[in-house]
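Observations on chain architecture
Read off the chains here:
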Amino acid sequence: MAVSPHSFPPRKRRPSAAAFVSPKLSAPILLQSLLSLSQEISSTKPLKFLLHRYSISMIRKSLLLEIILHDLLRRLPIPSLSPSASLCLEEMYIVLQRIKTLLEDCSNGSNIWLLTQNQSIANNFHELTLDLSTLLDIFPVKDAGLTEDVEELFYLLRNQTSESSVFLDPRDEALRFRVLKMIDRIKDEIVPDYSELLEIFTMIDIRDSSSCREEIENLEDEIQNQTDEKSRSDVVALIGLVRYAKCVLYGASTTAEYGFQRKDSISDLPVPADFRCPISLDLMQDPVVVATGHTYDRAAITFWIESGHNTCPKTGQTLAHTNLIPNRALKNLIAMWCRQERIPFDITESSKERVNDVTLNKAALEAMRMTATFLVNKLATSVDSSVNDVVYELRVLAKTDPGSRGYIAQAGALPLLVRYLNSNNPILQVNAVTTVLNLSIFESNKSLIMETDGALIGVIEVLRSGATWEAKGNAAATIFSLSSIHSYRRRLGRKTRVIRGLLDLAKDGPVSSKRDALVTILTLAGDRETVGRLVEGGVMETVSYLMNSLPEEAVTILEVVVRKGGFVAIASGFYLIKKLGVVLREGSDRARESAAAALVTMCRQGGSEMVTELASMAGIERVIWELMGSGTMRGRRKAASLLRILRRWAAGLDGNGGAGGDSMTVTSSRIGGESTTFVSSSRGAIVHS
């Protein structure tokens with residue numbers, strides 16, 4: 001799989017001055033390295049507006065230095081450099097590295113942040129110029145053997161570097177003052193003047209939606225470079241201003257710019273099971289360990305906890321605490337695998353710090369509120385041709401700026417979005433339901449969605465008959481988000497259309513949508529009443545269908561259903577026992593663990609017929625022994641329990657195979673061409689087709 005080099009961007013965090021150390025190189029190699037550095041600096045494009053004079057000055061000085069270094073290289077190795085000359089050149093190497101880094105920072109970073117830091121960066125340029133001047137002063141030029149013309153250039157360069165004061169362009173300073181004043185007005189809840197906002201953004205070369213998006217990304221990266229909370233908070237305020245300006249001045253971006261389309265390239269690869277998150281089932285980017293010792297992707301487990309859960313998704317155990325411990329060893333293994341497979345992977349120490357990791361100041365909060373209010377008001381007055389652009393922008397805002405979810409809902413977005421859940425435009429429908437999904441993550445918005453006329457019904461209709469699989473998958477994810485509240489989970493589980501829609505999506509949808517549906521089914525199965533409806537709706541048939549393609553997910557759901565669903569669920573899963581035995585033999589560690597747990601429940605509570613069916617599988621005892629020796633800790637415990645059940649059954653103990661359950665008789669026949677299983681027990685009779 002070919003991957004663009006841009007898929008592996010360089011680390012954004014800039015190196016500190018201490019990162020540059022004096023190189024211990026021979027004279028020719030040191031001079032060649034200095035020459036290469038000076039050539040890189042002299043070929044850099046000058047800054048467009050801010051600090052333009054400093055960048056031009058540094059580039060010109062590098063051109064002169066390049067000529068001097070060429071002449072020095074010409075005369076080596078006879079005579080060799082003196083110790084004092086070598087020391088000067090080694091220190092010059094460090095200074096040039098710092099100059100190069102500073103120019104790159106200014107060229108590739110945020111324009112508006114550069115403006116607000118104008119004085120500080122000008123000081124940096126001036127200090128580096130003085131450092132270079134000091135080195136040129138002490139360099140033994142008379143002993144270097146330079147030609148007469150080059151020696152004159154050396155003295156010219158030395159004079160140019162001896163600047164006595166910092167230069168600040170009055171126009172840059174005036175513009176900086178205007179931006180800071182606008183931030184202060186936003187703090188006071190004063191909406192920025194449109195014409196002034198446009199003028200400022202034009203002057204700092206942010207002229208369209210795409211450049212605003214790039215500016216926001218640069219500001220988010222800049223957060224990593226700030227070590228104190230105030231500076232980080234100031235960056236967030238600027239992000240709020242740029243995001244507001246983007247909506248007011250330039251409108252919506254294109255879908256391609258934000259890249260919300262699902263990435264299926266990784267799902268086409270055989271990702272090792274241990275590298276997949278048990279919740280999202282996707283490749284983990286930032287694996288963390290919870291209190292029970294299980295590992296999840298940080299984003300998925302954080303969403304799980306923030307949605308109101310206090311249990312481990314894998315085991316159901318209550319979490320003693322919600323601290324997330326980075327699993328660095330696993331992350332390194334994933335990074336190595338990704339490099340081998342040419343899959344983009346962020347290998348930084350921790351996930352990229354986003355805006356929600358920083359304490360938001362008043363300006364940032366007010367900018368969020370103004371942006372949300374502007375978009376919702378625009379949606380209320382938009383005509384058909386522009387509705388999709390506004391809905392899409394709300395979708396973007398609710399996804400990329402968590403703090404704005406509450407403001408969007410408070411501004412009255414939900415009743416407006418309901419109109420477009422049944423839109424004939426597939427793209428508009430996807431954008432509308434995805435916006436509702438993003439809003440539902442905010443806790444207080446869940447009740448608004450449940451209570452807003454038509455909102456829940458609209459989401460369910462998209463789940464059942466949405467125009468695209470993406471729309472159906474995001475509708476399922478919305479139901480998952482809402483079901484984090486127990487009363488809503490029960491209410492959703494009582495709706496036949498929800499059950500039917502999720503099961504159909506899990507069976508017929510693409511892999512990404514299947515997983516959305518399966519995670520939601522697993523959450524709804526936490527309620528016993530809902531489990532009965534799932535069984536009636538055909539969850540066992542769905543699980544059976546998915547056992548080959550998505551065994552981990554299918555078996556995990558089956559484990560929960562038989563544990564929560566009682567005798568009816570166990571009886572309906574009788575015909576899956578041999579499939580569970582196959583998973584026990586061939587599945588991943590996690591799939592085998594869930595299969596063993598499901599079989600223990602079925603054999604204990606289902607009676608001797610269940611044990612007989614399992615025991616009839618050739619070599620099943622050897623498979624269980626293997627799991628006891630090589631499975632997960634929980635898998636080994638369940639395997640040991642399963643082996644005891646089989647041994648007691650073989651010994652003829654308890655009349656029910658030692659399973660401690662009700663007696664049950666299972667017979668099969670064909671009715672009208674269909675295979676039918678009759679299960680009779682002391683609790684009654686069940687017919688499963």
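Source: prediction; values computed, not measured. Each residue is numbered by its place in its chain's sequence as written, counting from 1. Per-residue local features of the predicted model are confined to residues with pLDDT of at least 70, and side-chain atom pairs are confined, for both listing and counting, to 80 or more; whole-chain, interface and lining totals are unaffected and use all residues. Hydrogen atoms and water are omitted, and side-chain values are computed over all heavy atoms in the structure.

**Observations concerning the overall build of the chain**
- Secondary structure elements are taken from DSSP: a helix is a run of H or I of four residues or more, a strand is a run of E of two residues or more, and numbering for both begins at the N terminus. Scanning the chain for helices and strands turns up 32 helices and 6 strands.
- Burial classes: relative accessible area under 20% of the type maximum marks a residue as buried, over 50% as exposed, and values in between as partly exposed (1.4 Å probe, protein chains only). Burial status across the chain gives 52% buried among its 689 residues.
- Residue-level accessible areas treat just the shown protein chains as cover; the underlying method is Shrake-Rupley with a 1.4 Å probe. Total accessible area on the chain stands at roughly 30900 Å², and carbon and sulfur atoms take up 52% of it.

**Quick look at the layout of surface pockets**
- Both cavities and pockets are sets of points on a 1 Å grid over the protein atoms alone; in a cavity a 1.4 Å probe fits but cannot get out, in a pocket the set is open with protein on both sides within 12 Å along at least five of seven lines, and lining residues sit with an atom within 4 Å of a point. Grid points are joined across faces, edges and corners, and a volume is the space filled by probe spheres set on the points. In this structure, the second largest pocket spans a volume of roughly 410 Å³.
- Around the second largest pocket sit 20 residues that line it, and Trp304, Thr311, Gly316, Gly526 and Arg563 are the ones nearest its centre.
- Only α24 (511-524) and α27 (551-572) provide two or more residues apiece to the lining of the second largest pocket.
- Looking at the lining of the second largest pocket element by element, the count peaks at 5 residues for α27.
- Considering only residue class, the lining of the second largest pocket consists of 5 nonpolar, 9 polar and 6 charged. The nonpolar class holds Ala, Val, Leu, Ile, Met, Phe, Trp, Tyr, Cys and Pro. Asp, Glu, Lys and Arg form the charged class, and all remaining residues, Gly among them, are polar.

**Brief notes about the UniProt feature "coiled-coil region" (unreviewed entry) in the chain**
- The sites that carry the UniProt feature "coiled-coil region" (unreviewed entry) are, in the present numbering, residues 209-236.
- The span residues 209-236 carries 89% helix and 0% strand; its end-to-end C-alpha distance comes to 19 Å. UniProt positions are given in the numbering used here, feature names are shortened, and annotations may be inferred rather than shown by experiment.

**Side note on the environment of isoleucine 557**
- With respect to the helices, strands and loops of the structure, isoleucine 557 is situated in helix α27.
- Isoleucine 557 gets classed as buried once you look at its relative accessible area, which sits at 3%.
- With 36 residues separating them along the chain, isoleucine 557 and isoleucine 521 place their C-alpha atoms 7.6 Å apart.
- Throughout, a contact is declared for two residues whenever any of their heavy atoms are within 4.5 Å. Apart from the residues within four sequence positions on either side, isoleucine 557 is in contact with Leu518, Ile521, Leu522, Val539 and Val543.

**Quick look at the packing of helix α5 (residues 118-138) against helix α6 (residues 148-160)**
- Axes here mean lines fitted to C-alpha atoms, for a helix over just the part in contact, with angles spanning 0 to 180 degrees between N-to-C directions. The geometry of α5 relative to α6 is characterised by a closest axis approach of 9 Å and an angle of 140° between their N-to-C directions. Classed by the angle they form, the pair α5 and α6 counts as oblique. Crossing hand, α5 versus α6: left-handed. Contact residues: α5 offers Ser133, Leu136 and Asp137, while α6 offers Phe154, Leu157 and Arg158.
- Per-class residue counts for the contact of α5 with α6 are 3 nonpolar, 1 polar and 2 charged. Here is the rule for angles: anything less than 35 degrees is roughly parallel, anything more than 145 is roughly antiparallel, 65 through 115 is roughly perpendicular, and the remaining ranges are oblique. Crossing handedness: left-handed means the near helix sits turned counterclockwise from the far one by under a right angle, and right-handed means the same turn made clockwise.

**What about the pattern of salt bridges?**
- Salt bridge, as used here, is a side-chain nitrogen of Lys or Arg placed within 4 Å of a carboxyl oxygen of Asp or Glu. A complete count under the given rule lists 37 salt bridges for this structure.
- Between glutamate 229 and arginine 232 there is a salt bridge, and its shortest N-O distance comes to 3.9 Å. Placement of both glutamate 229 and arginine 232 in helix α10 (residues 229-250) is noted, with a separation of 3 residues, approximately one turn of the helix.
- The partly exposed category is assigned to glutamate 229, whose relative accessible area is 39%.
- For arginine 232, a relative accessible area of 10% puts it in the buried group.
- Taking the shortest distance from any N to any O, the salt bridge between aspartate 274 and arginine 590 comes out at 3.9 Å. Highlighted residues: aspartate 274 in the loop between α11 (255-258) and β1 (287-289) and arginine 590 in helix α29 (residues 589-606), separated in sequence by 316 residues.
- One salt-bridge network, held together by shared partners, links Arg178, Arg185, Glu196 and Glu199.

**Overview of the sheet that holds β1**
- Two strands are counted as paired when DSSP detects at least two bridges linking them. Taking strand neighbours across the sheet as the criterion, the 3 strands line up as β2-β1-β3 in an open arrangement whose pairing is antiparallel. The open sheet has two edge strands, β2 (295-297) and β3 (325-326), and neither has a second partner.
- Inspection of the sheet shows β1 paired to β3 by 2 bridges, in the antiparallel sense. Its bridge partner being in β3, valine 289 is matched across the sheet by isoleucine 325.

**Structural notes on the side chain of glutamate 222**
- Within the fold, glutamate 222 resides in helix α9 (residues 209-225).
- You can call glutamate 222 buried: its relative accessible area is 5%.
- Within polar-contact distance, the side chain of glutamate 222 engages the side chain of tryptophan 113 at 3.4 Å. Here a polar contact is taken to be a pair of N or O atoms separated by no more than 3.5 Å, where protein atoms must pair a possible hydrogen donor with a possible acceptor and residues adjacent in sequence count only if both atoms sit in side chains.

**Looking at the packing of aromatic side chains**
- Each aromatic pair joins two rings of Phe, Tyr and Trp (for Trp, the six-membered one) with centres within 6.5 Å, and gets the label stacked for planes under 30 degrees apart, edge-to-face for over 60, and tilted for any other angle. Within the structure shown, the criterion is met by 3 aromatic pairs.
- Taking the centre distance of 5.6 Å and the plane angle of 15° together, the rings of tyrosine 54 and phenylalanine 125 count as stacked. Of this pair, tyrosine 54 sits in helix α2 (residues 52-75) while phenylalanine 125 is found in helix α5, placing the two residues 71 residues apart along the sequence. Neither tyrosine 54 nor phenylalanine 125 differs from the other in exposure class; each is buried.
- On the basis of an interplanar angle of 40° and a centroid distance of 5.8 Å, the ring pair of phenylalanine 139 and phenylalanine 154 is categorised as tilted. On the criterion of sequence distance, the pair formed by phenylalanine 139 in the loop between α5 and α6 and phenylalanine 154 in helix α6 is long-range, its members being 15 residues apart.
- We classify phenylalanine 154 as buried; its relative accessible area is 2%.
- Among the aromatic side chains, those forming a connected cluster through ring pairs are Phe139, Phe154 and Tyr155.

**Some remarks on the nonpolar core**
- In terms of nonpolar packing, the biggest core is built from 98 residues, with Leu379, Ile408, Val539, Met547, Leu580, Leu584 and Leu614 touching the most fellow members.
- Ranked by residues supplied to this core, first place goes to α27 with 9 residues.
- Residues contacting leucine 584, with those up to four places away along its chain left out, are Arg592, Ala595, Ala596, Leu599, Ile620, Val623, Ile624, Leu627 and Leu642.
- By nonpolar core we mean a set of buried residues, namely Ala, Val, Leu, Ile, Met, Phe, Trp, Tyr and Cys, connected to one another through side-chain atoms within 4.5 Å. Core analysis: the next-biggest nonpolar cluster, separate from the first, contains 76 residues, Leu72, Leu89, Leu114 and Tyr250 among them.

**Describing the environment of leucine 319**
- Residue position: leucine 319 is located in the loop between α12 (298-306) and β3.
- For leucine 319, a relative accessible area of 11% gives the class buried.
- Separated by 10 residues in sequence, leucine 319 and histidine 309 have C-alpha atoms that sit 9.3 Å apart.
- Every residue in contact with leucine 319, bar those within four places of it in the chain, is listed here: Val290, Ala291, Thr292, Ile305, Asn310, Thr311 and Cys312.

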